[in-house]
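An overview of the molecular structure
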Amino acid sequence: MFRFITSRLLQSLLALFLVITATFFMIRFVPGGPFTAEKAVTPEILRNLEAHYGLDRPLWRQYLDYLVSLGRGDLGPSFKYPNRTVNEIIGDKLPVSAELGALALAFALVIGITLGTLAAVYRNTWIDYVASTFGMMGISIPTFVVGPLLVLGLAIHLGWFNASGWYGPADRVLPAIVLGFAYAAPVSRLTRGGMLEILGQDFIRTARAKGASELRIITRHALRGGLLPVVSFLGPAVAGILTGSFVIETIFQIPGIGREFVNSAFNRDYTLVLGTVILYAVLIMALNLVVDIVQAWMNPKVRLEE
Amino acid sequence: MLRPLTSALALLLLGLAAGCGRPANPPVTPASGPAAAAAPAKGGPMIWRVGNGAEPQDLDPHIVTGVPEHKILMALFEGLLSENPQDLSPEPGIAERWEISPDGLTYTFHLRAGAQWSDGVPITSTTFVRSYQRMLTPALGAEYASMLHHVRNAKAYNEGKLTDFSQVGFKAVGERTLRVTLNQRTPFLLKMIATHYSWYPVPIHVIEKFGGLARKGTAWTRKENFVGNGPFILKDWKPQQVLLAARNPRFWDHARVRLDEIHFFAVENQDSEERMFRTGQLDLTNELPVAKIDVYRKEFPESLRIDPYLGLYFYRFNVERPPLNDKRVRRALALAVDRESLVKNVTRGGQIPAFSVSYPGTAGYAPTAKLTGKVEEARQLLAAAGFPGGQGFPKLELLYNTSQNHRLVAEAIQQMWRRQLGIDIGLRNEEWKVYLDTTDARKFDLQRGGWIADYVDPHSFLEIWTSDNLNNDTGFKNADYDRLFAKALAAPDDTARYAVYQEMDALLVEELPVIPIYHYTRVVAMNPRVQGVYPTLLDNHPYKYVWLRDAAR
């Protein structure tokens, strides 16, 4: 176990280094820069600007400088928002996205697992069809359609919520439902599949033969194995959901990190692009590690080997 | 079971979607619920809630470059001069009066007694001199420093060729007297000072405490440190949400200010913004989606606001690439564009068809030369240039930045060229910064361009087409045009200057380095209770004159 974790950490560190290096150079070779603007500035002013940010130094030198400051945990200043550092921007916005993500995830898991389990237990009945329809809708109707529809119905027509914003607890409801809906669908389908496989296995038949109630069979015996596909889905999904959704944050005007992923690239905000990429990479690696450990605990057939 | 369920769902979705086309609640009277709770009750503080586009980059007038920042800085700062609410002409600001020397090269500003920062520190002529010195300091790398380059030696100092600031044309003659000396006559200088934030003073005494004058992005613009001198002070700033500005009791003209607070909402998405307007979260939007314009015309004409805007939508030619180096080809392409049909059917926001580069009615100037001619003439010109009926015309491309609206305009014009002239122009879209890079390198045949004036003066549009202007980007170099440009600046008064501009506009319509397409409008939704917002050509609305009907005060 210990050997497994240290070896995985070392691998992750190497992968992270490669991600940083590739991102650093790729973003530099994209046409346009942080100061490319419609109203052209004189070459002298552009030189002053580049000197101010150290962009006039050779690229390899900038790369080494970046790695050194990264080693100190400093992600540098933002080009687009000069009075904020990348550390601050992430520090301000990640918690917002994480809060929304946690709420959406809770919604997705409760709805998704319940529907998936019901669908598996009552397979090929109307319950299964309702759950499957829900799953298909969640997968095929994009959030940018669901979001505005809910706003139109619940905020504009009924006046129950603000159309957008992130001020009070009521402002959390619509975005969490819309984002959760998109994740509930695959969770319910994966749960259904996993449960169907487990429910057909010998140990379930044994439990039934011993006279265990159906509820007990599902909650005590089947779910642990039936949720395995959901758990492996959740690793990357949690990383994605915690780091925010560009679409949801744009529709609902939420000050989360999801918009920065996209906008920083449009703005050629080199340091912010790197900061968000590093954040995402670290989260994915950490969560995949957690998933492997959880899976070993849930499924006796999986062993943590190298 | 499956069938009734899905049809029920389909009905539900249809029902919701049917509501799309027609807002349910008239925005004038917000419905009950949280939206109504957010609206100020009668007798409460007078709060104006404004959709302000993108998140402001910073609040330092020497650093920022965008429109959303400008809108906020107009509340938080005031320069030597301020703007008239109806036509934006210069009015007294921190300077209560001013004189211009007969040769037009020296401006003397007399500052009012008692002008002070929001922390009570007095504003003197030295404050202005040191502010301008900071703006021009090479190490600060201020992008809009060129706005001050009209001042004697300012450019040399900004480029590091001169290190002694006492040789630059800003002088504090007395504590309340500022003298500005120029390189050459600059007839629009006062308009520029009144309108553009690069001329605002900055609180040197505060900036010095936070890392010095030559550093960008220090903590002085944080809400806990910020000091300004405008009609409003910074009350709170929640990045990517809202910025709150409250009345500044230390503002010299505070008795005139009627609003208690302005809330600037950072809303980038037009559709979200429009929904916020409909729930009563906003009194004024930054934009209105094109698809909503007709809905508002029919349902809420009192909330639809269309104002002229001093901007030109145009297509640049790369005049060095054949066959576009032939004036006849350029004229044929320009004449084949049906502008009336374009603004009526495609842009739909009351835009004004453009037959000249200058806007008819810019500070009393209206160009007489107009691009006119029948499609017949266009066909003949094309034939004379060697492409009868479009035969043999090479495959050219029109470059535009990725956007739904630009694509629609480009497709319509592409169609007009195909139908009227028989030529086929390809369309190419690029992401914004890639497109800017391509434009700058002039790697295009035709390019979509736009230009918004910085101040209300015809100079704004005419200076771009001089040979060495960095925004020209067409390859158009014309010695006559450059000569006229210099002549206009030297003109003794505006009558003489505008006469020269007539010649310049005529020359542009003759040479056509660009195809003028339409003059912009600002299309927004505004709650009719908002008062004191006039159509001002630049969409600047000096906030001390704005107030809300049916609210206290």
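Residues numbered from 1 in each chain as written. Chains lettered and ligands numbered in written order. Predicted model: local features only at pLDDT ≥ 70, side-chain atom pairs only at ≥ 80, totals over all residues.

Here we look at the overall build of chain A
Counting its regular elements, chain A contains 13 helices and zero strands. In chain A, the succession of helices and strands from N to C terminus is α-α-α-α-α-α-α-α-α-α-α-α-α. With respect to the principal axes defined by its C-alpha atoms, chain A has extents near 85 × 60 × 30 Å. Looking at chain A residue by residue over its 306 residues, the buried ones come to 40%. (Helix = DSSP H or I, 4+ residues; strand = E, 2+ residues; numbered from the N terminus. Buried ≥ 20, exposed ≤ 12 C-beta atoms within 10 Å, placed from the backbone.)

With respect to the overall build of chain B
What chain B contains, in helices and strands, is 17 helices and 18 strands. Taken over C-alpha atoms, the radius of gyration comes to 26 Å for chain B, in line with the 24 Å a tight globule of 553 residues would show. Taken along the three principal axes of its C-alpha coordinates, chain B extends 75 × 70 × 40 Å. Per-residue burial over chain B gives 47% buried out of 553 residues. Pairs at least 24 residues apart make up 68% of the contacts formed inside chain B by residues separated by at least 6 positions. (Rg over C-alpha atoms; globule rule 2.2 N^0.38 Å. Contact = placed C-beta atoms within 7 Å.)

Structural notes on the interface of chain B and chain A
With 54 residues of chain B in contact, the opposing surface of chain A contributes 49 residues. The leading source of residues in the side of chain B that touches chain A is helix α14 (residues 432-440) of chain B, at six residues. Grouping the amino acids of the side of chain B that touches chain A by side-chain chemistry returns 22 nonpolar, 19 polar and 13 charged. (Nonpolar A, V, L, I, M, F, W, Y, C, P; charged D, E, K, R; others polar.)

Description of the pairing of strand β8 (residues 232-238) of chain B
Residues and elements named next belong to chain B. The sheet contact formed by β8 and strand β9 (residues 242-247) spans six bridges and is antiparallel. For Trp-237, the partnering residue across the bridge sits in β9 and is Leu-243. From the end of β8 to the start of β9, which pair antiparallel, there are three residues, and Gln-240 there has a positive phi angle of about 65 degrees. (Pairing = 2+ DSSP bridges.)

Things to note about the confidence of the model for chain A
Confidence in the prediction for chain A averages 88 pLDDT; 98% of positions are at 70 or higher. Mean pLDDT across the elements of chain A ranges from a minimum in helix α9 (residues 214-226) of chain A, with 82, to a maximum in helix α3 (residues 59-71) of chain A, with 94. (pLDDT = per-residue confidence, 0-100.)

Looking at unusual backbone geometry
Trans is the common state for peptide bonds, and a negative phi is the common state for residues other than glycine. In this chain, Pro-322 of chain B is followed by Pro-323 of chain B through a cis amide linkage whose omega measures 0 degrees. Note on placement: Pro-323 of chain B falls in the loop between β11 (304-317) and α10 (327-335). Of note, the phi angle at Asn-124 of chain A is positive, near 60 degrees, even though the residue is not glycine. Residue position: Asn-124 of chain A is located in the loop between α4 (86-121) and α5 (126-140).

Here's the deal with the sheet that holds strand β1 (residues 47-51) of chain B
All names here are of chain B. Strand order in the open sheet formed by four strands is β1-β10-β9-β8, with mixed pairing between adjacent strands. Two strands bound the open sheet, and with one partner strand each, they are β1 and β8. Ignoring which end each strand starts from, the neighbouring axes of this sheet average 20 degrees apart. Where β9 meets strand β10 (residues 261-265), five bridges bridge the pair, whose relative direction is antiparallel. Along β10, the bridge assignment pairs Ala-246 with Glu-261. Against the sheet, helix α3 (residues 67-76) makes contact with β8, β9 and β10, and its axis sits at roughly 135 degrees relative to β8, the strand it touches most. (Axes fitted to C-alpha atoms, helices over the stretch in contact; angles between N-to-C directions.)

Some thoughts on the environment of Val-231 of chain A
Residue and element names in this part refer to chain A. Following the sequence through the fold, Val-231 ends up in helix α10 (residues 228-242). Val-231 gets classed as partly exposed once you count the C-beta atoms within 10 Å, which come to 18. When the C-alpha atoms of Val-231 and Gln-11 are compared, they prove to be 22 Å apart, with 220 residues separating the residues in sequence. Beyond its immediate stretch of four places on either side in the chain, Val-231 contacts Val-291, Val-294, Gln-295 and Met-298.

Observations regarding the nonpolar core
Tyr-183 of chain A together with Leu-76, Ile-262, Ala-332 and Ile-515 of chain B are the most contacted members of the largest nonpolar core, which totals 198 residues. Examining the composition of this core, we find that 14 residues originate from one element, helix α7 (residues 170-199) of chain A, more than from any other. One finds Leu-75, Phe-79, Ile-89 and Val-273 of chain A within the second-largest nonpolar core, a separate group that totals 15 residues. (Core = buried A, V, L, I, M, F, W, Y, C linked by C-beta atoms within 7 Å.)

Thoughts on the confidence of the model for chain B
All names here are of chain B. Averaged over all residues, the pLDDT of chain B equals 90, while 92% of them reach at least 70. Of all the helices and strands in chain B, helix α1 (residues 2-18) carries the lowest mean pLDDT, 37, while strand β5 (residues 106-111) carries the highest, 98. Scored as a complex, the prediction yields pTM 0.88 and ipTM 0.86.

Focus on the environment of Tyr-498 of chain B
Assignment of secondary structure puts Tyr-498 of chain B in helix α17 (residues 494-511). Each C-alpha atom of the pair Tyr-498 of chain B and Tyr-365 of chain B lies 6.6 Å from the other, and the pair is 133 residues apart in sequence.

Some details on the sheet that holds strand β7 (residues 177-181) of chain B
Residues and elements named next belong to chain B. The strand order across the open sheet formed by four strands is β4-β5-β7-β6, and the pairing between neighbours is antiparallel. On the outer flanks of this sheet lie β4 (95-100) and β6 (170-174), each paired with one strand and no other. Recorded for the sheet is a direction-independent mean angle of 25 degrees between the axes of neighbouring strands. In the sheet, β4 pairs with β5 via five bridges, with the strands oriented antiparallel. Pairing of Ala-95 across the sheet is with Leu-111, part of β5. This element, helix α4 (residues 125-136), spans β5, β6 and β7 of the sheet and lies at about 170 degrees to β6.

A word on the packing of helix α12 (residues 258-267) of chain A against helix α13 (residues 270-298) of chain A
Residues and elements named next belong to chain A. Between α12 and α13, whose axes approach to 8 Å, the crossing angle comes to 145 degrees. The crossing of α12 and α13 is left-handed. Contacts between α12 and α13 involve Glu-260, Phe-261, Ser-264 and Ala-265 from the first element and Leu-272, Val-273 and Thr-276 from the second. Its residues assigned to classes, the contact of α12 with α13 shows four nonpolar, two polar and one charged. (Left-handed = near helix turned anticlockwise from the far one by under 90°.)

A closer look at the environment of Gly-79 of chain B
Residues and elements named next belong to chain B. Within the secondary structure layout, Gly-79 lies in the loop between α3 and β2 (81-83). Given 27 C-beta atoms within a 10 Å radius, Gly-79 is considered buried. Once the C-alpha coordinates of Gly-79 and Pro-92 are considered, the two residues, 13 residues apart in sequence, prove to be 9.2 Å apart.

Looking at helix α6 (residues 143-157) of chain A
Residues and elements named next belong to chain A. Here α6 is 15 residues long and its end C-alpha atoms lie 20 Å apart, about the 21 Å a rise of 1.5 Å per residue gives. A bend of about 30 degrees at Val-151 is the largest found in α6. For α6, every residue scored as buried is listed here: Val-146, Gly-147, Pro-148, Val-151, Leu-152, Ala-155 and Ile-156. Just downstream of α6 lies Gly-159, where phi reads positive at about 70 degrees. (Expected span 1.5 Å × (residues − 1). Bend = angle between axes of the 7 residues up to and from the residue.)

Focus on the packing of α4 of chain A against α13 of chain A
All names here are of chain A. Where α4 contacts α13, the axes come no closer than 10 Å and their chain directions differ by 50 degrees. In terms of orientation, α4 and α13 fall into the oblique class. In the packing of α4 onto α13, the handedness of the crossing is right-handed. Packed against α4, whose contacting residues are Val-86, Ile-89 and Ile-90, the element α13 presents Thr-271, Leu-272, Gly-275 and Leu-279 at the interface. Looking at the contact of α4 with α13, its residues break down into five nonpolar, two polar and no charged. (Parallel < 35°, antiparallel > 145°, perpendicular 65-115°, else oblique.)

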